[in-house]
Amino acid sequence: MPQPFKIGDRVSWNSEAGRVRGVIKKVMTADFHWKGYVHHATPAEPQYLIQSDKTDHVAAHKGSALRRLRSRPPS
């Protein structure tokens with residue numbers, strides 16, 4: 001099983017517009033409301049709030065949707 005992500009990790013994920021990169025801002029370990037939906041999270045399967053490098057948009061994703069990137073600030 002891969003190591004869980006933590007705040008400050010740089011990650012990427014697929015979106016409708018293509019691959020997006022960002023930084024994890026918060027780790028959610030309990031169910032939470034986000035943009036009109038209930039997102040299910042547990043300590044064993046957390047969800048992550050990630051801020052996009054390009055747009056500052058914040059998205060919520062499960063760890064399985066994320067790919068860890070090398071720690072390097074955006075250019």
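Residues numbered from 1 in each chain as written. Predicted model: local features only at pLDDT ≥ 70, side-chain atom pairs only at ≥ 80, totals over all residues. Heavy atoms only, no water.

(A) Looking closely at the confidence of the model for the chain. Across the chain, the average pLDDT comes to 90, with 91% of residues at or above 70. Per-element averaging of pLDDT across the chain places strand β3 (residues 32–34) at the bottom with 93 and strand β5 (residues 47–52) at the top with 96. (pLDDT = per-residue confidence, 0-100. Helix = DSSP H or I, 4+ residues; strand = E, 2+ residues; numbered from the N terminus.)

(B) Quick peek at the sheet that holds strand β1 (residues 10–15). The five strands are arranged β6-β5-β2-β1-β7 in an open sheet whose pairing can be described as antiparallel. What marks the edges here is a single partner per strand, and that holds for β6 (58–62) and β7 (67–68). Note: β1 against strand β2 (residues 18–28), six bridges, orientation antiparallel. Across the sheet, the residue bridging to Ser 15 is Gly 18, located in β2. (Pairing = 2+ DSSP bridges.)

(C) Focus on the layout of surface pockets. Roughly 290 Å³ of volume is contained in the second largest pocket. Considering the residues around the second largest pocket, the lining is formed by 17 residues, among which Trp 13, Ser 15, His 57, Ala 59 and His 61 are closest to the centre. Only β1, β4 (37–39) and β6 provide two or more residues apiece to the lining of the second largest pocket. When residues of the lining of the second largest pocket are assigned to their parent elements, the largest contribution, four residues, is made by β6. Taken together, the residues of the lining of the second largest pocket break down into eight nonpolar, seven polar and two charged. (1 Å grid on protein atoms, 1.4 Å probe; cavity = no way out; pocket = protein on both sides within 12 Å on 5 of 7 lines; lining within 4 Å. Points joined across faces, edges and corners; volume = space filled by probe spheres on them. Nonpolar A, V, L, I, M, F, W, Y, C, P; charged D, E, K, R; others polar.)

(D) Molecular detail of unusual backbone geometry. Of note, the phi angle at Lys 35 is positive, near 50°, even though the residue is not glycine. As for its position among the elements, Lys 35 is in the loop between β3 and β4. Lys 35 gets classed as exposed once you look at its relative accessible area, which sits at 52%. Of note in this structure, Asp 56 is not a glycine but carries a positive phi near 65°. Position of Asp 56 among the secondary structure elements: in the loop between β5 and β6. (Buried < 20%, exposed > 50% of the residue type's maximum accessible area, 1.4 Å probe, protein only.)

(E) Geometry of the pattern of salt bridges. The final tally for this structure, using the stated rule, is three salt bridges. Between Asp 9 and Lys 6 there is a salt bridge, and its shortest N-O distance comes to 3.2 Å. Residue classification places Asp 9 among the buried positions, given a relative accessible area of 8%. The salt bridge partner of Asp 53 is Arg 10, with a shortest N-O separation of 3.0 Å. Placement of the pair is Asp 53 in the loop between β5 and β6 and Arg 10 in strand β1, with a sequence separation of 43 residues. Among the charged side chains, a network of salt bridges with common partners joins Lys 6, Asp 9 and Arg 68. (Salt bridge = Lys/Arg side-chain N within 4 Å of Asp/Glu carboxyl O.)

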